[in-house]
Amino acid sequence: MKVLGFPTEAWPASHGSVGSIRDAVGDAPRPDEQEIAAYLRGGHVLFASMGVVDDVLGSGESIVGGGSLFTDGEWVWRGDLSFYVTTYHLTLPDEFVGRARAAGFQVPPAGHERLMELTDAVQALRSTK
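Calculation criteria
Residues numbered from 1 in each chain as written. Predicted model: local features only at pLDDT ≥ 70, side-chain atom pairs only at ≥ 80, totals over all residues. Heavy atoms only, no water. Pairing = 2+ DSSP bridges. Helix = DSSP H or I, 4+ residues; strand = E, 2+ residues; numbered from the N terminus. Axes fitted to C-alpha atoms, helices over the stretch in contact; angles between N-to-C directions. Contact = heavy atoms within 4.5 Å. Parallel < 35°, antiparallel > 145°, perpendicular 65-115°, else oblique. Nonpolar A, V, L, I, M, F, W, Y, C, P; charged D, E, K, R; others polar.

Visitor: I tried to follow the sheet that holds strand S1 (residues 2–4) on my own but got confused; where do I start?
Guide: Pairing between sheet strands relies on hydrogen bonds along the backbone, with the strands arranged either parallel or antiparallel. Strand order in the open sheet formed by four strands is S1-S6-S5-S2, and the pairing between neighbours is mixed. Strand pairing shows two members of the sheet lacking a second neighbour, S1 and strand S2 (44–47), which therefore form its edges. Put simply, the sheet's adjacent strands are angled 30° from each other on average, direction ignored. Where S1 and strand S6 (residues 75–78) come together, three bridges link them in parallel fashion. Bridged to Val3 within S6 is Val76. Against the sheet, helix H3 (residues 94–102) makes contact with S1 and S6, and its axis sits at roughly 100° relative to S6, the strand it touches most.

Here it is as structure tokens:
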């Protein structure tokens, strides 16, 4: 499992955060930004949150379901990541962007067993102190 978009502002470092979201903010839209955001929104649901989270960068926006967790079978990300990609032009890892491009920005199928493995792996991160 590879973790994507779990910033310290929204996910404790002890649970596998990837650093500050501020470090990934860009000045202008990235190539394929809209397609990448759609890929993120189209991920398989590992955990669905009906709650609302606030934009940790201070725009005043609230993101419905931002605490949800999604996957493409390899990478796991928060539901609010697509918001940050399109609003703040986040730089995502080349490996992830390459995977999304190679899949034609269509999230590949993932079997129930794989989704359960990833759910357990995320739960293990949360249990680590």
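From this point on, the discussion continues.
Visitor: What is the right way to read the side chain of Asp80 from this model?
Guide: Assignment of secondary structure puts Asp80 in the loop between S6 and helix H2 (81–88). Contact partners of Asp80, with chain neighbours within four places excluded, come to Val53, Ile63 and Gly66.

Visitor: What should I look at first to understand the packing of helix H1 (residues 33–41) against H3 in this one?
Guide: Running from N to C, H1 and H3 cross one another at 85°; their axes reach a closest spacing of 10 Å. The angle between H1 and H3 places the two elements in the roughly perpendicular class. In this structure, H1 uses Ile36, Tyr39 and Leu40 to contact H3, whose residues at the interface are Phe96, Val97, Arg99 and Ala100. Classifying every residue of the contact of H1 with H3 gives six nonpolar, no polar and one charged.

Visitor: What is the right way to look at the environment of Gln34 in this model?
Guide: As for its placement among the helices and strands, Gln34 is situated in helix H1. Note: C-alpha distance between Gln34 and Thr86 (52 residues apart in sequence) is 6.9 Å.

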